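Topology and contacts: notes
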Amino acid sequence: MKVGIYPGSFDPVTKGHLDIIERSSKMVDRLIVAVLNNNAKSPLFSVKERVNMLKEVTKEIDNVVIDSFSGLLVDYAEKNHANIIVRGLRAVTDFEYELQMAQTNRIMDNNVDTIFLTTSLQYAYLSSSIVKEVAINNGDVSKFVPEYVVEQIQKKLNIS
Ligand code: ADP
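Residues numbered from 1 in each chain as written. Predicted model: local features only at pLDDT ≥ 70, side-chain atom pairs only at ≥ 80, totals over all residues. Heavy atoms only, no water.

1. Section: the overall build of the protein chain
- Within the protein chain, the regular secondary structure consists of 6 helices and 5 strands.
- The linear arrangement of helices and strands in the protein chain, starting from the amino end, is β-α-β-α-β-α-β-α-β-α-α.
- Taken against the 2.2 N^0.38 rule, which gives 15 Å for 160 residues, the C-alpha radius of gyration of the protein chain at 15 Å falls within 12% of a compact globule.
- Overall size of the protein chain, expressed as C-alpha extent along the three principal axes, is 50 × 30 × 30 Å. (Helix = DSSP H or I, 4+ residues; strand = E, 2+ residues; numbered from the N terminus. Rg over C-alpha atoms; globule rule 2.2 N^0.38 Å.)

Here you go:
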């Protein structure tokens, strides 16, 4: 059984993430979308809220499961018998960091390979930070995130 992990912050999940989830879920038997519990970032949504949003927006994709993890990704991968890590590449600015991470993970565990999906062009500009920036300034984020996430952002920021 081919198990893949798509790790990230997903604060919150965007249509760009969802596009990568839909496409990569067709390449594996099981795709675990894993929210990283990262103390270094100060997130808008808690890990629990991010997991909940991901569950809601992926509920129609049968082989996708949502989870969270802390610590090293390779340890989490081994525990879940996954040997494929999925990441999305938007622009060259993503490349250097992603290459470094993929190589580091491979050195730490040579059973694990990272595959990169290039973002669909319509989402190439999109990031969770941009979504938060627009939302905080009362902009409309419905083009960027699924409807359920729009509602959760509005709740969180107390706007309607
Ligand atoms: P991280 O903090 O790990 O970068 P993100 O939630 O920002 O977490 O991103 C998770 C993954 O999704 C990364 O591989 C990132 O490159 C990818 N990604 C983010 N936004 C998009 C997008 N608009 N299109 C495709 N991939 C994306």
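2. Some words on the sheet that holds strand β1 (residues 3-8)
- On the basis of which strands lie adjacent, the open sheet formed by 5 strands has the order β3-β2-β1-β4-β5 and parallel pairing. Two strands lie at the open edges of the sheet, namely β3 (64-69) and β5 (113-118), each paired on one side alone. Averaged over all pairs of adjacent strands, the angle between their axes in this sheet comes to 30°, without regard to strand direction.
- Taken together, the 2 bridges between β1 and strand β4 (residues 84-89) define a ladder with parallel strand orientation. Note on β4: the bridge partner recorded for I5 is I85.
- Contacts between helix α4 (residues 92-108) and the sheet are confined to β4 and β5, with β4 contributing the most and set at about 170° to the helix. (Pairing = 2+ DSSP bridges. Axes fitted to C-alpha atoms, helices over the stretch in contact; angles between N-to-C directions. Contact = heavy atoms within 4.5 Å.)

3. Notes on the site of the ligand
- Taken together, 17 residues lie near the ligand, and Y6, S9, F10, K41 and G88 sit nearest.
- Between an oxygen atom of the ligand and a side-chain N or O atom of H17, the distance comes to 3.2 Å.
- Its free accessible area being 550 Å², the ligand has 89% of it covered by the protein chains.
- In terms of residue class, the shell around the ligand is built from 6 nonpolar, 6 polar and 5 charged. (Near = heavy atom within 4 Å. Polar contact = N/O pair within 3.5 Å; in protein donor to acceptor, adjacent residues only side chain to side chain. Areas by Shrake-Rupley, 256 points an atom, 1.4 Å probe, with all protein chains shown as cover. Nonpolar A, V, L, I, M, F, W, Y, C, P; charged D, E, K, R; others polar.)

4. Thoughts on α4
- Counted at 1.5 Å a residue, the expected span for α4 with its 17 residues is 24 Å, and the 25 Å between its end C-alpha atoms agrees.
- Buried within α4 are the following residues: D94, E98, A102 and N105.
- Buried residues along α4 sit against α3 (73-79), β4 and β5. (Expected span 1.5 Å × (residues − 1). Buried < 20%, exposed > 50% of the residue type's maximum accessible area, 1.4 Å probe, protein only.)

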